[in-house]
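# Coordinate analysis (summary)
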Amino acid sequence: HKSVESSNKSDQGEEENEGAIAALVNKEGFPLSPDVWNQMWKRAESLHPGGRKMTVAIRGCEQIPNVPIPTPPTFRTNQPIPEKLFLVQKYISELQYDYTGLQFFEVKKGRPLCRLMDVAKSIIKESLPIKCLEAVILALYLTSELPAVQRFPVAFKTTFEKNTFKHIVLGVYCNGKFGALGLSRRDTLMYKPLKYDTLHELLSDFVQCYKECYHEVDRIKLGLPVSHDNQSMEAVTWKYTYIRLAKMSSKDFKQICDSFSKHMRGKVQLIAPYLQTAHQMKY
């Protein structure tokens, strides 16, 4: 079906097992076509223990309660930045994680920022569940009116029982503190308050949380700060710095994080051992 295509490409940035059944992606927009709708239910049947019995029960029910529609955050003029970021995260979390097996919003990471912001507007309008990459796009849109906050992509590649998983969040930096916005199946792998003194502390927190989920972090990818101009035709630099944790000591990890932080603030060029820019990386 051209209207619903399977995708396990990193371009979708989904937090899923690369070897598992690929997620379906809605290619037709909204409202959902009958074809997309039926494909979603077929996938749900294949994933849910109740199978077809579950889908028949839900689709045939006439008394399903209305789902409340979250309201996008509004900011007060003098409201502290940490509070504003918390409101952004609260809204993203209220949309909930997408367990349907269908990715409702197609995200092509190579598109200009303005096109990605159109996706964010659609997410707000439709108010449907989303996954981690869609959450990052939405977070970029909702924080675009906060010029004091630098935003940069942070992507993780992890291993669990010989299976590979990918996840992405939006790193944030303001007034000497780091944090993160996003969405995940695990509460510990998404939102991080604006409280970390260094990028190393933030990333180490994620690594520790992954360990508590029995995942080993193989690689972290850091992107460059994203423009606050939602009309920008520039593409987001999703992959600028690669951190291969298996090949370095804790001291080297900290040194790379410190070097990237200084570069992000425009103070020095990015030079550190074990660190490669995207064009140098060999897959």
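### Side note on the overall build of the chain
Counting secondary structure elements, the chain contains seven helices and 10 strands. For the chain, the proportion of its 283 residues judged to be buried stands at 49%. Contacts in the chain between residues at least 24 apart in sequence constitute 58% of all its contacts with a sequence separation of at least 6. Of the roughly 14,700 Å² of accessible surface on the chain, a fraction of 51% belongs to carbon and sulfur atoms.

### Regarding the side chain of Ser33
Topologically, Ser33 is positioned in the loop between β2 (23–26) and α1 (34–47). Accessibility expressed as a relative area gives 14% for Ser33, which makes it buried. One polar contact links Ser33 to Glu28, side chain to side chain, over a distance of 2.7 Å.

### Some thoughts on the packing of aromatic side chains
Under the definition given, this model contains nine aromatic pairs. Geometrically, the ring pair formed by Phe30 and Phe105 is tilted, given 5.2 Å between the ring centres and 45° between the ring planes. With a gap of 75 residues between them, Phe30 in the loop between β2 and α1 and Phe105 in the loop between β3 (102–103) and α4 (113–126) connect regions that are remote in the sequence. For Phe30, a relative accessible area of 26% gives the class partly exposed. Residue class for Phe105 comes out buried when judged on its relative accessible area of 3%. Through successive ring pairs, a cluster of aromatic residues spans Phe152, Tyr173, Phe178 and Phe260. In this arrangement the basic side chain of Lys109 is found over the ring face of Trp238, its NZ or CZ atom lying 5.1 Å from the centre. The side chain of Lys192 reaches across the aromatic face of Phe206, ending 4.9 Å from its centre.

### Quick word on the environment of Lys177
The residue Lys177 is located in strand β6 (residues 177–181) in this model. By relative accessible area, Lys177 is classed as partly exposed at 30%. Considering only alpha carbons, one finds Lys177 and Leu199, 22 residues apart in sequence, at a separation of 8.5 Å. Within the structure, Lys177 has its side chain in polar contact with the side chain of Asp197 (distance 2.2 Å).

### Things to note about the confidence of the model for the chain
On average, residues of the chain score 87 in pLDDT, and 86% of them are at 70 or above. When the criterion is pLDDT under 50, residues 267–283 qualifies, and its contacts beyond four places in sequence or with other chains add up to 41 contacts.

### Some thoughts on the packing of α1 against helix α2 (residues 51–59)
For the pair α1 and α2, interaxial distance at closest approach is 8 Å and the crossing angle is 135°. In this view, α1 runs oblique relative to α2, as classed from their interaxial angle. Taken together, the residues of α2 that come into contact with α1 (itself represented by Trp37, Asn38, Trp41, Ala44 and Glu45) are Gly51, Arg52, Met54, Thr55, Ile58 and Arg59. Here the contact of α1 with α2 is composed, by residue class, of five nonpolar, three polar and three charged.

### Overview of the layout of surface pockets
Where empty space is left becomes clear once a probe the size of a water molecule has been rolled over the atoms. Its boundaries defined by the atoms lining it, the second largest pocket holds a volume of some 280 Å³. It is helix α6 (residues 199–212) that provides the largest number of residues to the lining of the second largest pocket, a total of five residues. For the lining of the second largest pocket, the per-class residue count stands at six nonpolar, five polar and two charged.

### Description of the environment of Ala148
By the secondary structure assignment, Ala148 is in the loop between α5 (132–142) and β4 (150–160). Ala148 sits 25 residues away from Tyr173 along the chain, and the two C-alpha atoms are 8.4 Å apart. Those residues in contact with Ala148 that lie beyond four places of it in its chain are Tyr173 and Cys174.

Calculation criteria
Residues numbered from 1 in each chain as written. Predicted model: local features only at pLDDT ≥ 70, side-chain atom pairs only at ≥ 80, totals over all residues. Heavy atoms only, no water. Helix = DSSP H or I, 4+ residues; strand = E, 2+ residues; numbered from the N terminus. Buried < 20%, exposed > 50% of the residue type's maximum accessible area, 1.4 Å probe, protein only. Contact = heavy atoms within 4.5 Å. Areas by Shrake-Rupley, 256 points an atom, 1.4 Å probe, with all protein chains shown as cover. Polar contact = N/O pair within 3.5 Å; in protein donor to acceptor, adjacent residues only side chain to side chain. Phe/Tyr/Trp six-rings, centres within 6.5 Å; stacked < 30°, edge-to-face > 60°. Lys NZ or Arg CZ within 6 Å of the ring centre and 35° of its normal. pLDDT = per-residue confidence, 0-100. Axes fitted to C-alpha atoms, helices over the stretch in contact; angles between N-to-C directions. Parallel < 35°, antiparallel > 145°, perpendicular 65-115°, else oblique. Nonpolar A, V, L, I, M, F, W, Y, C, P; charged D, E, K, R; others polar. 1 Å grid on protein atoms, 1.4 Å probe; cavity = no way out; pocket = protein on both sides within 12 Å on 5 of 7 lines; lining within 4 Å. Points joined across faces, edges and corners; volume = space filled by probe spheres on them.

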